[in-house]
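Remarks on the overall topology
Residue-level listing of the chains:
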Amino acid sequence: MFQGGLGLPDRDYYLKDDDVKKGLRDKYVVFVAKMFELYGEKPDASKAIAGKILAFETELARNSRPKAELRDPDKTYNKLDRAGLKKLAPKLDWDGYFKAAGHPEVTQINVTVPEFFQGLERLAGSTDAETLQAYLQWNVLRDAAPALPKAFDEENFNFYGKTLQGQKEQQARWKRCVARTDGALGEILGQEFIKKQF
């Protein structure tokens, strides 16, 4: 299990106060608000939601380790059993999580950043339900954006492609569809290839 849940590339985008990072955070809030408008929220409500999401993700970033610390294998190997997970963050529903993930049989797992999950537990407990719901909706919107109608896809590319990565134009939709299909089926096709060839 790894730290995550951030819409910006890593924790520094939330925590550094230089002009570039501040500007990107401002653009991120505008982007999130636009996506919620496309989803059907009114403009003022969308701006308020975007602000709450940035604040929530900033707290997640505070609980995240810097990239340099993630390179240390001794710090990122923290094997725990289910009892250890429950002791680490007892208010998180681990049994429900593994069941919903389709793997209730998991008994041991490596928790690469234990303090992240402790922080997540505190944050989830202290955040109002409306903000948590908006954050979860945002994750679904962000992940599904390339497969949603064109307006969502374009907004997503404008921020992640143009603003963050400096791409001038988006790859043709058919090429992106082929790449996503290949990514989703690659392992399954590989298994069939192995069965037939070996």
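Not measured: the values here are computed from a predicted model. (Residues numbered from 1 in each chain as written. Predicted model: local features only at pLDDT ≥ 70, side-chain atom pairs only at ≥ 80, totals over all residues. Heavy atoms only, no water.)

**Thoughts on a nonpolar patch on the surface**
What counts is decided by this rule: The patch calculation keeps residues exceeding 30% relative accessible area without a salt bridge and links them within 9 Å when they carry like charges or within 5 Å when they are nonpolar (Val, Leu, Ile, Met, Phe, Trp, Tyr). Accessibility throughout is a Shrake-Rupley quantity obtained with a 1.4 Å probe, and a residue counts as covered only by protein chains that appear here. Take a side-chain nitrogen of Lys or Arg and a carboxyl oxygen of Asp or Glu: if they are within 4 Å of each other, that pair is a salt bridge. Helix numbering and strand numbering both begin at the N terminus, where a helix is a DSSP run of H or I of at least 4 residues and a strand a DSSP run of E of at least 2.
The grouping of Leu185, Ile188 and Leu189 at the surface amounts to a nonpolar patch, some 270 Å² of accessible area in total. Position of Leu189 among the secondary structure elements: in helix H11 (residues 173-197).

**Examining the layout of surface pockets**
Rules: Residues are called lining when one of their atoms sits within 4 Å of a cavity or pocket point, these points coming from a 1 Å grid over the protein atoms alone, where a cavity is a set in which a 1.4 Å probe fits but cannot get out and a pocket is an open set with protein on both sides within 12 Å along at least five of seven lines. Grid points are joined across faces, edges and corners, and a volume is the space filled by probe spheres set on the points.
What the largest pocket holds in volume is close to 510 Å³. Lining the largest pocket are 18 residues, and of these Leu92, Tyr97, Phe117, Leu120 and Leu136 sit closest to its centre. Elements with a contribution of two residues or more to the lining of the largest pocket: helix H3 (43-62), helix H7 (94-100), helix H8 (114-126) and helix H9 (129-144). For the lining of the largest pocket, the leading source of residues is H8, giving four residues.

**Points about the packing of aromatic side chains**
Our working rule: Centres within 6.5 Å are what make two rings of Phe, Tyr or Trp a pair, Trp counting through its six-membered ring; a difference in plane orientation under 30 degrees is then read as stacked, over 60 as edge-to-face, and the rest as tilted. Type-normalised accessible area, obtained with a 1.4 Å probe on protein chains alone, sets the label of each residue: buried when under 20%, exposed when over 50%, and partly exposed for intermediate values. Criterion for a charge above a ring: Arg CZ or Lys NZ at most 6 Å from the ring centre, at most 35 degrees from the ring normal.
Using the criterion set out here, one finds 15 aromatic pairs in the structure. Taken together, a centroid distance of 6.2 Å and an interplanar angle of 70° make the contact between Tyr28 and Trp138 edge-to-face. Of this pair, Tyr28 sits in helix H2 (residues 19-39) while Trp138 sits in helix H9, placing them 110 residues apart in sequence. As far as the burial class goes, Tyr28 and Trp138 line up, both buried. Among the aromatic residues, those joined into a ring-pair cluster are Tyr28, Phe31, Phe36, Tyr39, Trp138, Phe159 and Tyr160. Between the NZ or CZ atom of Lys21 and the centre of the ring of Tyr13, over which it lies, the distance is 4.9 Å.

**Focus: the packing of H2 against H3**
As a reminder, the rule being used: With axes taken as lines fitted to C-alpha atoms, and helix axes fitted only over the stretch in contact, angles between N-to-C directions fall between 0 and 180 degrees. Note on terminology: angles under 35 degrees are roughly parallel, angles over 145 are roughly antiparallel, angles of 65 to 115 are roughly perpendicular, and the others are oblique. Put simply, a crossing is left-handed when the front helix is turned counterclockwise from the back one by less than a right angle, and right-handed when it is turned clockwise. It only takes one pair of heavy atoms within 4.5 Å for two residues to be counted as in contact. Each residue gets one label: Ala, Val, Leu, Ile, Met, Phe, Trp, Tyr, Cys and Pro are nonpolar, Asp, Glu, Lys and Arg are charged, and the others, such as Gly, are polar.
Closest axis-to-axis distance for the H2/H3 pair is 8 Å, and the angle between their directions is 130°. When the axis of H2 is compared with that of H3, the two are oblique. Remark: the crossing between H2 and H3 carries right-handed chirality. Counted together, Arg25, Tyr28, Val29, Val32, Ala33, Phe36 and Glu37 of H2 and Pro43, Ser46, Lys47, Ile49, Ala50, Gly51, Ile53, Leu54 and Glu57 of H3 form the full contact between these two elements. Residue classes in the contact of H2 with H3 are distributed as ten nonpolar, two polar and four charged.

**Observations concerning the packing of H2 against helix H10 (residues 150-164)**
With their axes 9 Å apart at the nearest point, H2 and H10 run at an angle of 170° to one another. One element, H2, and the other, H10, form an angle in the roughly antiparallel class. Facing Leu24, Lys27, Tyr28, Phe31, Lys34, Met35, Leu38 and Tyr39 of H2, the residues of H10 in contact are Ala151, Phe152, Glu155, Asn156, Phe159, Tyr160, Thr163 and Leu164. Counted by class, the contact of H2 with H10 contains eleven nonpolar, two polar and three charged residues.

**Structural notes on the pattern of salt bridges**
Tallying each qualifying case throughout the model produces twelve salt bridges. Between Asp95 and Lys86 there is a salt bridge whose closest N-O contact spans 2.9 Å. Residue classification places Asp95 among the partly exposed residues on the basis of a relative accessible area of 36%. For Lys86, a relative accessible area of 37% puts it in the partly exposed group.

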